[in-house]
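Here are the chains, one letter per residue:
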Amino acid sequence: MFLLSRKTIMFRAHMSVTRIWQLIEKRMMSCISVHGKLPGLQRAVGEVRRKSSFRQSPLLTATPVRALIDEQISIKGRFLSQNYPVTVCAQMHSEEGDLWEAFAHYTTNASGSINLTSDHSVGGSYVGCEPMGLFWALEPALGSREGLSLRKRNVETPYMVNISLLEGHTSPSEGQRTELAAVTTERWYMVPGVRRIEIRQNNIVGTLFLPPGPGPFPAMLDLWGEGGGLFEYRSALFASRGFASLSVAYMGHKDLPGPPHIMSVGDSYFKSAFQLLQDHCQVDADRIGVIGLSFGVVLTFRIATRSGFKPSCLICINGAVGSPLLDEDGKIKMSESDQKYWELDDRGYVSFKNVSLPDNLPPESKQKVENITCPLMCIVGEDDLCAASTENADLIEEALRSAGKSHQFTRLSYPGAGHLIEPPYTPCARASLWRAKPEKLFALWGGHPAPHAAAQEDAWKRILEFMETHLRR
Amino acid sequence: MTQAVPPILSVTPSRALVDEKFQVLVENLPPGCPVTLRSLHRSEDEDDWEAYGHYVSDHRGVVSVSEDLSFGGMYTGKEPMGLLWSMRPVPGSRKGLRLRKINVCTPMLVNISVHSGHEGFRDRTPLASALAERWYMAPGVKRIDINKQGVQGTLFIPPGPGPFPALLDMWGGGAGLLEYRSALLASRGYVSFSLDYLRSEHLSADVEFKYFETAFNIIRNHPQVIPDRVGILGSSLGSMVAFNLTAYSTIIKPRCIVCISSNHYHPPGTTLKAGFKILSNRTNDLSKINCPMLLVNGCDDQNWPTVETVARLLREGGKEHLLSRLAYPGAGHLIEPPFSPHFRATKFIILNSKEKVILLWGGHTKPHSDAQEDSWRKILSFLQLHLYHSPSVKANL
């Protein structure tokens, strides 16, 4: 800060509003009145103001400001200069404390507005007209740890995402940038009234989500992949859409028996889980479906063909008809014996795809999918590097066709999409940390951000429609 | 096949600001089925408030509150938000209740349920239910208690760097410090200061001009406020203060003012503190106003003769071009943010005598609720025009 005269004082760029205010309060600059356009002050030194002299108070709005994860948010900026370059930036902290960011470059129209639902991004984390691009294009900020993924553990609280409007075409990592306006959005996995119930009975480790109201409700059994743990967010969303949903852990959970990287439970475990849903007084016992992702797909087929239960519908995402790891009772018989099929890239990241190629699967491990009696939806990411999804889907389709059951089969195939096809508007990781012990292993999932995001959006919509059709009528 | 799937009730959005509409939809009913939609809310004072409407499903088994007609209950006709604004205390409640949210950091929870049949629906368990959250504060809005230079109140600041246009928000008598309108205004992009000028023990009986001028300057000098874009919004007694401040203060110059249920006539005694000497001796002179002014009145206002006095103001002339007027037939005195229930008369404690009475505010529910919805939209539009997007530009630097 330096004095030109008693009346005129110039401020260095980077001097914050708070500092200026503190100086005023300390009466070091008692003869000053602070102009309203503080961002303008910050750039007063040595730079010609690009725009006109009229005072702006930009307004940034997001609607709805509290939304479910799978809802579209409409972001608009108003009262800006006309035909002016701006950057819209989204920032949030994951539960682990990592900073995730996305940004896009827009130009305001002749009225000084931007509308992300209709305008095109000309640069940044995504290009083109992408109303939800700021959410699915989120990436860990520069300098973050390797192989991060964004998967919410506590579904009872929202993600707080800060959306800001910056002057010019810039990026979050570029340092000095003038923030014109900001808005905070909350993104929820649960609607109010959904009940989350921890299940630790009949040896089952899981979480049950019930929609609000008396019920009875149609239900889903929610099965995840071999990475283990208990992921609740898909079930929370199902309950928010009116379906009871039970997510179970079968590996890598402290409440399960046996070591964490081995599956110590077998077919009877999943039978108990299905039975629990059937027996629940708020679940409609005749309307229960099963959804599986990755390794969960094999488990889904085992339930449908061996358990004696008759699910109303099945949804299989990027999985295989069998696994070399499972024995007759559905328990893991050996670990890592499939390593001969692992392919490592030059970073040491592993693709498991060849493990599940039909030709590499032991014949006795393949489930008899032709015996299923209900509708089946197969979702395939064509760039899946973790499972041979396309090849297995071909096999399933052929098996059902031979059994005269083509009418039960629906396939959704997405070019450019990877392995983890999850609820929409969440970022996709092309690779992430899969296991930390006995040593760190990064798995390749495949998928490119824009096509993967499109796949998630479309698949989710169709999954919900499929559930409506087969579980509500 | 076993029993039919129960109906599905959805409220979209399930989390919204209080001035936003929601859609209530019931699906999977038999066609032509009579049902009752009911809302239930437990207030902070532990009273239960409810509303209900009787509907009949269409040929697809769907009832849409936004599109279908209610045939009876607390409201009739096509009323998307009827389940909120027609709420009354449940039978058996105490008399003269008023629904106001005091803690604005938490949402209002409303349980919406669908029951079969019309008569005696309460005796049956609901077929389905959903929970809606109605918020006064958007995420990121900051709430700050102010006790500075003798001035008390609560300040709400929108998220973002600012600087923002701002408002001095003043209520009337008998309500204590109400924060919800300021919280809502901050959620719409204005720094808003809800000023406590009647209740606090620290304030002497002589609440003078200086108090309000200091409050205005506190807002004006806040680093996140644009100093020449500060307006005043007042309702009831607060609007009288707003008007007098704008007309007679030599220190402050609001950019625009909004007066809701304003009184430009001084009735003897009753609700005014004795110390408003300065204000009560002057006659109201429209020619002293130099900024745009919006007057909002309910024609069925039973508390103050607002309509009659505004008419007199207009006759005095001189500055009509600055004045915008909204007058609503059938609306009462308490014109509040939309979709909140209407109170024709509620309990009230008279300031000077501490007497407990039931005060008649006036208005009839349906026209009053329409007035609340329409006036809020127009107030926001007026504020946006004068505080965000002003045609009068000033040179900078």
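Reading the values: rules and limits
Counting from 1, residues in each chain are numbered in the order their sequence is written. Labels follow written order: the first chain is A, the first ligand is 1, and so on. Only residues with pLDDT of at least 70 are given local features in this predicted model, and only at 80 or more are side-chain atom pairs given and counted; all residues enter the totals for whole chains, interfaces and linings. The side-chain quantities take in all heavy atoms of the structure and omit both hydrogens and water. Helix and strand assignments come from DSSP, with helices taken as H or I runs of at least 4 residues and strands as E runs of at least 2, each series counted from the N terminus. With a 1.4 Å probe rolled over the protein chains alone, any residue whose accessible area is under 20% of its type maximum counts as buried; one over 50% counts as exposed, and the rest are partly exposed. In this analysis, two residues are considered to be in contact whenever any of their non-hydrogen atoms come within 4.5 Å of each other. Here the Shrake-Rupley method, with its probe set to 1.4 Å, supplies the accessible areas, and only the displayed protein chains count as covering residues. We call two strands paired when DSSP finds no fewer than two bridges between them. Every case where a carboxyl oxygen of Asp or Glu lies within 4 Å of a side-chain nitrogen of Lys or Arg is listed as a salt bridge. Reported domain spans reflect what an automatic or database domain assignment gives. Computed with a 1.4 Å rolling probe, the buried area is the accessible surface lost when two parts are put together, summed over both parts. In protein, a polar contact requires one atom able to donate a hydrogen and another able to accept it; more generally it is a pair of N or O atoms within 3.5 Å, and residues adjacent in sequence count only if both atoms are side-chain atoms. With axes taken as lines fitted to C-alpha atoms, and helix axes fitted only over the stretch in contact, angles between N-to-C directions fall between 0 and 180 degrees. Should an angle fall under 35 degrees it is taken as roughly parallel, and over 145 as roughly antiparallel, whereas 65 to 115 is taken as roughly perpendicular and any remaining angle as oblique.

Details of the overall build of chain B
No. 1: Helix and strand counts for chain B come out as seven helices and 19 strands.
No. 2: Here chain B holds 397 residues, and 60% of them are scored as buried.
No. 3: Long-range pairs, those at least 24 residues apart, make up 71% of the contacts in chain B between residues at least 6 apart in sequence.
No. 4: Carbon and sulfur atoms provide 54% of the accessible area of chain B, an area that totals close to 15800 Å².

Some remarks on the sheet that holds strand β2 (residues 15-17) of chain B
No. 1: Taken in spatial order, the six strands of this open sheet run β2-β9-β8-β4-β5-β7 (chain B), and their pairing is mixed. Bordering the open sheet on either side are β2 and β7 (88-89) of chain B, each of which pairs with just one other strand.

A look at the pattern of salt bridges
No. 1: Overall, the coordinates contain 39 salt bridges over all chains when judged by the stated rule.
No. 2: Notably, a salt bridge pairs A:R302 with A:D267, separated by 2.8 Å at the nearest N-O pair. Residue A:R302 is found in helix α6 (residues 295-306), and its partner A:D267 is found in helix α5 (residues 267-279); the two are separated by 35 residues along the sequence. Here the two residues A:R302 and A:D267 agree in accessibility, since each one is buried.
No. 3: B:D374 is the salt-bridge partner of B:K378, the closest N and O atoms lying 3.0 Å from each other. One end of the pair is B:K378 and the other is B:D374, both in helix α7 (residues 365-388) and four residues apart, which spans about a single turn.
No. 4: Residue B:D374 is classed as buried on the basis of its relative accessible area, which comes to 17%.
No. 5: One connected set of salt bridges, linked through shared partners, spans A:R196, A:E198 and A:E232.

Section: the domain arrangement of chain B
Residue and element names in this part refer to chain B.
No. 1: Along its sequence, chain B is organised into domain 1 (8-135) and domain 2 (142-388).
No. 2: At the junction of the two partners, domain 1 supplies 26 residues and domain 2 supplies 30 residues.
No. 3: For the pair domain 1 and domain 2, the two sides together bury roughly 2200 Å², of which 60% comes from carbon and sulfur.
No. 4: Sorting the residues of domain 1 by area buried against domain 2 places D19, W85 and R98 first, and these three jointly supply 33% of that buried surface.
No. 5: Between R98 and E336 there is a salt bridge whose closest N-O contact spans 3.4 Å.
No. 6: Summed over the shared surface of domain 1 and domain 2, the number is seven residue pairs in polar contact (both at pLDDT 80 or more).
No. 7: For the side of domain 1 that touches domain 2, the elements supplying multiple residues, two or more each, are α1 (82-85) and β9 (128-135).

With respect to the packing of helix α3 (residues 209-220) of chain B against helix α4 (residues 237-248) of chain B
All names here are of chain B.
No. 1: Close contact between α3 and α4 brings their axes to 11 Å; oriented N to C, the two are set at 85°. On the basis of the axis angle, α3 is roughly perpendicular to α4. Two secondary-structure elements touch here, α3 through F209, F212 and E213 and α4 through V241, N244, L245 and Y248.

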